[in-house]
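# Working through the structure, step by step
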Amino acid sequence: EDQVTQSPEALRLQEGESSSLNCSYTVSGLRGLFWYRQDPGKGPEFLFTLYSAGEEKEKERLKATLTKKESFLHITAPKPEDSATYLCAVQGGTGGGNKLTFGTGTQLKVEL
Amino acid sequence: EPEVTQTPSHQVTQMGQEVILRCVPISNHLYFYWYRQILGQKVEFLVSFYNNEISEKSEIFDDQFSVERPDGSNFTLKIRSTKLEDSAMYFCASTRGQNTEAFFGQGTRLTVV
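Here we summarise the structure given alongside this text. (Residues numbered from 1 in each chain as written. Chains lettered and ligands numbered in written order. Predicted model: local features only at pLDDT ≥ 70, side-chain atom pairs only at ≥ 80, totals over all residues. Heavy atoms only, no water.)

### A word on the nonpolar core
Proteins that are soluble and globular tend to have nonpolar side chains buried together. For clarity, the threshold we go by: Residues enter a nonpolar core if they are buried and are Ala, Val, Leu, Ile, Met, Phe, Trp, Tyr or Cys, with the set joined through side-chain atoms within 4.5 Å. Remark: exposure states derive from per-residue accessible area (1.4 Å probe, protein chains only) relative to the maximum for the residue type, with buried under 20%, exposed over 50%, and partly exposed in between. Numbering of helices and strands runs from the N terminus; a helix is a DSSP stretch of H or I covering at least four residues, while a strand is a stretch of E covering at least two. Two residues form a contact once any of their heavy atoms are found within 4.5 Å.
Counting 22 residues, the largest nonpolar core has L33(A), W35(A), L73(A) and Y86(A) as its most contacted members. The set of elements that each furnish at least two residues to this core consists of strand 2 (10–14), strand 3 (19–26), strand 4 (30–38), strand 5 (45–50), strand 7 (62–66), strand 8 (70–75), strand 9 (84–92) and strand 11 (106–111) of chain A. Top element by residues in this core is strand 9 of chain A. It accounts for 4 residues. Among residues more than four places away in sequence, those in contact with L73(A) are S19(A), S20(A), L21(A), W35(A), F48(A), L62(A), K63(A), A64(A) and Y86(A). With 21 residues, the next largest nonpolar core counts V19(B), V47(B), V67(B) and L110(B) among its residues.

Here you go:
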């Protein structure tokens, strides 16, 4: 069974204070690792897909990296509008199903 | 920008009643999904649908649940005889293909009383 563990559960940063969120996973045959942002009461908003170890993706202040066991979401010089819950999800297995298995998320709060 | 739309945004229903949650996936997407998120918990997979049939379902998706694509644009989730524990946020999602990113709707908050 695919499993995703995210840490920390919550993170409070000052504006401009860079940090990293961790996503550890166990999956039989990783087909993709996905990062989403979720605002309160809203649906997950797609950020990145990573497919193989060593891959990196960047978007504005966010950078996602992938190893064989974990992924990191690096946030550089965050702003208050980056406050949200960041979700990691994996798609695995060889059966052809497309389901995503999510972690519980990291709740990020960026303060002025 | 294309988006997944869900209606209603909030539904309150009596225990034992049937509800239908509606979704319009992104028009050129081929795979459709329902997920749910109980308050304070993780997003959980319910079912995936492709080529007019269920391709995968979770243990949560038991006989009280059903899905349908009644026409070329809508995708519905029916919950028969709702229970208190069905109270959750239900998200519809769609993907263009396999191994591609899923785009989620804004959700329907279902409250069973």
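### Some details on unusual backbone geometry
For the bond from S7(A) to P8(A), the omega torsion is -10 degrees, close enough to zero to count as cis. When you line up the elements, P8(A) lands in the loop between strand 1 (3–7) and strand 2. One non-glycine residue, N52(B), lies in the positive phi region at around 65 degrees. Looking at the element boundaries, N52(B) is found in the loop between strand 5 (43–50) and strand 6 (53–57). One non-glycine residue, N99(B), lies in positive phi territory at about 60 degrees. Mapped onto the fold, N99(B) is located in the loop between strand 9 (88–95) and strand 10 (103–104).

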